[in-house]
Amino acid sequence: MINTISREYICENITRDETGELCFAGLPLSPLARTYGTPLYLYDEDRIRERCRTYREAMQKAFGDGGRVLYASKAASFRRLYEIMREEDLGVDVVSCGEICTANAAGFPLENAYFHSNNKTDADIVYAMEHGVGYFVVDNEEELYAIDRIGGERGIRQKVLLRLTPGIDPHTYAAVATGKVDSKFGSAIETGQAEAITDVALSLANVNLCGFHCHVGSQVFEADVFLRTANVMLTFVAHIYQTRGYLATQLDIGGGIGVRYTKEQPTPDIAACIAEIGAYIKERAHELSLPLPTILLEPGRSLVADAGLTLYTVGTVKHIPGYKTYVSVDGGMTDNPRFALYGAPYTILPVAAEAGDGATPCSVVGRCCESGDILQENVPLPPMRRGDLLACLTTGAYHYSMASNYNRIPRPPVVMIKNKTAQLVIRRETVEDLLHLEV
Ligand SMILES: *Cc1c(COP(=O)(O)O)cnc(C)c1O
């Protein structure tokens, strides 16, 4: 288990003021609801920066200049976030032309971007090369040949990492486990495909192999998972060095450190976890007589998740005698599909005051025409009335970026709070916006 920090609330940016009202990043929530409307995505910029620094400082301590942190920007991708990552001196992972375009629009230096995806189209490859994306994280052999061909046409010798599957089961949800041999991502070490793709990469004139990558999954709470992963990867790097004379200069061991969504879950101590990983990697590299490559970590969720909160207004409240109480809110699976996708746990709190002793377990549901449009079951709530506010915590990762327009519902705005000052960074989508694409 990763060392943990104990805390009463999910995260220290959640508090209640003297009237009992819930506050986020130091601001009471009801005035924000009045100003910006609901549903509303809120971000705590100070928290994001604090997390970036925790990662960067821990990597610096562990590896000196030989450590690097990349933000896996699929977790939340909009201009302001890339600006923060640039200012905090992190690299980024991108997975599509849309993310590349957004990072570019934010002035993010794309030479520090790593382009992922298990299926990059020729158009994606051209777009990324023309925008000067620093590295491609290559998933498969077919992609290598495409990069070599397209790079050749443009006089580009593209820097790449190869994505490998180390055969590690991270003991997380099946939907977010990616490091097992049977995965749509990467080339497996166990089957010999990793070695084969390395040979191909080394043989191609327009491919500049810089090292290897893996990512075994998300919501990982055991440091041991990273140690076992690092062991498999370092052993592979040493094997390639011994048999091919090729020395990797970069080794990316992925992201995935877990996040606390409910009180029952631990708060991972990121600095302690990285210190443990660092000590292990240095010892293992020494045992293998391997010059240490630059070590990369690529967290997404743990940089931004608890820096986010979603605010909703309650509408219909339905008691079904002998069954349960449904509390409907003005959002749902369109702004948070994660319970519908894989039963993700959340903490949902009443904004006005603590739930107290009279609380009853309720199903908090969305407004979509879909029975599965549930945000969470068994949420202890006081009697709720139309117009009351609810806050869903820890929604900074995989919410705005997963939002949809199902049922023609416009997406909520994003408001960033910095030093107790709120600023709109993405306006609320309107129904007219939805018509704009129709010709
Ligand atoms: C999603 C992803 C990450 C980040 O995972 P988190 O759980 O958000 O930290 C890192 N690397 C790759 C390749 C990913 O696909």
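Residues numbered from 1 in each chain as written. Predicted model: local features only at pLDDT ≥ 70, side-chain atom pairs only at ≥ 80, totals over all residues. Heavy atoms only, no water.

Visitor: Just give me the short version of the overall build of the protein chain, but keep the residues and values in it.
Guide: Within the protein chain, the regular secondary structure consists of 12 helices and 21 strands. Overall, the C-alpha framework of the protein chain stretches about 70 × 55 × 45 Å when taken along its three principal axes. Buried positions account for 55% of the 439 residues belonging to the protein chain. The long-range share in the protein chain, meaning contacts at least 24 apart out of those at least 6 apart in sequence, stands at 71%. (Helix = DSSP H or I, 4+ residues; strand = E, 2+ residues; numbered from the N terminus. Buried < 20%, exposed > 50% of the residue type's maximum accessible area, 1.4 Å probe, protein only. Contact = heavy atoms within 4.5 Å.)

Visitor: Tell me about the pattern of salt bridges, and name the residues and values.
Guide: Note that side chains of opposite charge can pair when their charged atoms are close. As enumerated under the stated definition, the model contains 23 salt bridges in all. In this structure, Glu429 and Arg411 form a salt bridge, with 2.9 Å as the shortest nitrogen-oxygen distance. On the criterion of sequence distance, the pair formed by Glu429 in the loop between β21 (421-426) and α12 (431-435) and Arg411 in the loop between β19 (389-393) and β20 (414-418) is long-range, its members being 18 residues apart. According to the relative accessible area criterion, Glu429 is buried, its value standing at 15%. For Arg411, a relative accessible area of 27% gives the class partly exposed. One network of salt bridges, with partners in common, ties together Glu45, Arg49, Arg53, Arg56, Arg80, Glu83, Glu87, Glu88 and Lys418. (Salt bridge = Lys/Arg side-chain N within 4 Å of Asp/Glu carboxyl O.)

Visitor: An account of the site of the ligand is requested, with residue identities and associated values reported.
Guide: Within the structure, the ligand sits among 14 residues, and Lys74, Ser218, Glu298, Arg301 and Tyr398 are positioned closest to it. In this structure, Ser218 approaches the ligand through a side-chain N or O atom, which is 2.5 Å from an oxygen atom. Within the contact set of the ligand, an oxygen atom lies 2.6 Å away from a side-chain nitrogen or oxygen of Tyr398. Here the ligand has 380 Å² of accessible area as a free molecule, and 92% of this is covered by the chains. (Near = heavy atom within 4 Å. Polar contact = N/O pair within 3.5 Å; in protein donor to acceptor, adjacent residues only side chain to side chain. Areas by Shrake-Rupley, 256 points an atom, 1.4 Å probe, with all protein chains shown as cover.)

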